[in-house]
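Residue strings, one per chain:
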Amino acid sequence: MIKKEFGFGTQIRKSPYFNATVRWGAKDFSVYNHMYIPRDFGSPEENFWNLINDAILCDVAVERQVEITGPDAYKFIQLLTPRDLTKLSVGQCKYVLITNHEGGILNDPVLLRLAENHFWLSLGDSDILLWAQGVAVNSGLDVKISEPDVSPLQLQGPNSGKIMQTLFGDSINDLKYYWLREYDLDGIPLIVSRTGWSSELGYEIYLRDGTKGDDLWEKIMEAGKNYNLKPGHTSSIRRIEGAMLSYHADADIYTNPFEVGLDRLVSFDTDINYIGKDALKKIKQDGIKRKQIGIIIECEPLKGPNTTFWKILKDNKQIGKVTSAVYSPRLKKNIALAMVNIEYSEIGIELDVKIGEKNFKSTVVEKPFYDPKKKIASS
């Protein structure tokens, strides 16, 4: 089972794969959703090439699940998100937003529908379990909100399909993008979905018994030995190339869906009721005052992702901030996601980025920076 560590009033948990990742070379961990996540298996650039050329296996048990069950589970899920779920089938997944009464983004999880009234929210880094339980208290709906014993792995990269076929047989080839299926792998209970946080072909493998984490990890690595599978970590380079949001960096409680270009995830259908609907209507009517953009920064290759927000200037006046930046060895450019005042969001506009005490020229460009139509992940 997941072990617990206590200190200074905090609780940090180890995933069921913790010992396996250490055995396979994990050298450094950070904390995400109150759990350790491996962040260092060597060079981030090597990890990136492993991902886009072959396949990597990532411990993402930190993507905790909020489980919603009960007679009113569907009504409750729709209350949490502005995305229209009327066409969400059993066995299907959706990328959704969780918004508060002001229209701010609390999280951007993947929603999985396991049965008619059985849902998982697969979370980024925030306490949505507590939010959902608080909403449920006053909702008048008959639901149960809990965190199940579920711990995901991500198998991502062009060879991931072949590895999955080795594990589960030819039937896995029929699993469509953003759909899920239940499996039993030699007594290990799993949910498998065609999803992932890489913008590459990939799968998420949800372990439903934390005692079997070591066995599952080793089975996958064994299946991947002929396909150059490597242990790895979620790639900042690839996710920024794909303009994928990182919660707390690119979006937070003070960010609304329209600012980050996620209008498609907000429905104003009169039959759909959700938290923040009135606020989001007003934001849409009034228009946004700032917008997320992609920029190229003209400086020496960045040594790693930014760890603070960098100021964006126009005529020596701050007009925004860089939220995520990294050097892409494939594009041979410093690429970044940024939030700026909307009048400076047009493609081609030149801005200055302040890194340390120096200003560097940057240009607004189209995002995503690579594979803008997301054909790789969905093909």
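Residues numbered from 1 in each chain as written. Predicted model: local features only at pLDDT ≥ 70, side-chain atom pairs only at ≥ 80, totals over all residues. Heavy atoms only, no water.

K.L.:
I tried to follow the side chain of T21 on my own but got confused; where do I start?
P.N.:
Within the secondary structure, T21 sits in helix α1 (residues 18-23). The contacts of T21, once residues within four sequence positions are left out, are A26, F29, P38, F41, D59 and W217. (Helix = DSSP H or I, 4+ residues; strand = E, 2+ residues; numbered from the N terminus. Contact = heavy atoms within 4.5 Å.)

K.L.:
Just checking my understanding: could you explain the sheet that holds strand β14 (residues 180-185) for this structure?
P.N.:
Picture the strands of a sheet paired through backbone hydrogen bonds; they go either parallel or antiparallel. Pairing is mixed in the open sheet, where 6 strands are placed in the order β14-β15-β16-β13-β5-β17. The open sheet has two edge strands, β14 and β17 (229-232), and neither has a second partner. Strand-to-strand twist of the sheet, defined as the mean angle between neighbouring strand axes without regard to direction, takes the value 25°. Sheet analysis places strand β5 (residues 55-59) next to strand β13 (residues 151-156), joined by 4 bridges and oriented antiparallel. Residue pairing in the sheet places D59 in a bridge with L153 of β13. The strands that helix α2 (residues 44-53) touches are β5, β13 and β17; relative to β5, the one it contacts most, it runs at about 115°. Its contacts with the sheet put helix α5 (residues 160-168) on β5, β13, β14, β15 (188-193), β16 (202-207) and β17, and the angle it makes with β16 is roughly 40°. (Pairing = 2+ DSSP bridges. Axes fitted to C-alpha atoms, helices over the stretch in contact; angles between N-to-C directions.)

K.L.:
Would you mind showing me how to read unusual backbone geometry here?
P.N.:
Generally, phi is negative for residues other than glycine and the peptide bonds are trans, each holding for most cases. The residue after K367, namely P368, is reached through a cis peptide bond having omega -5°. Turning to its location among the elements, P368 is positioned in the loop between β23 (358-365) and α9 (375-378). In this structure, D186 takes a positive phi of about 50° despite not being glycine. Within the secondary structure, D186 sits in the loop between β14 and β15. A positive phi angle is found at D371, which is not glycine, with a value near 50°. Tracing the backbone shows D371 in the loop between β23 and α9. Looking at D371, the relative accessible area reads 15%, which means it is buried. (Buried < 20%, exposed > 50% of the residue type's maximum accessible area, 1.4 Å probe, protein only.)

Functional significance is not addressed by these values, which are geometric in nature.
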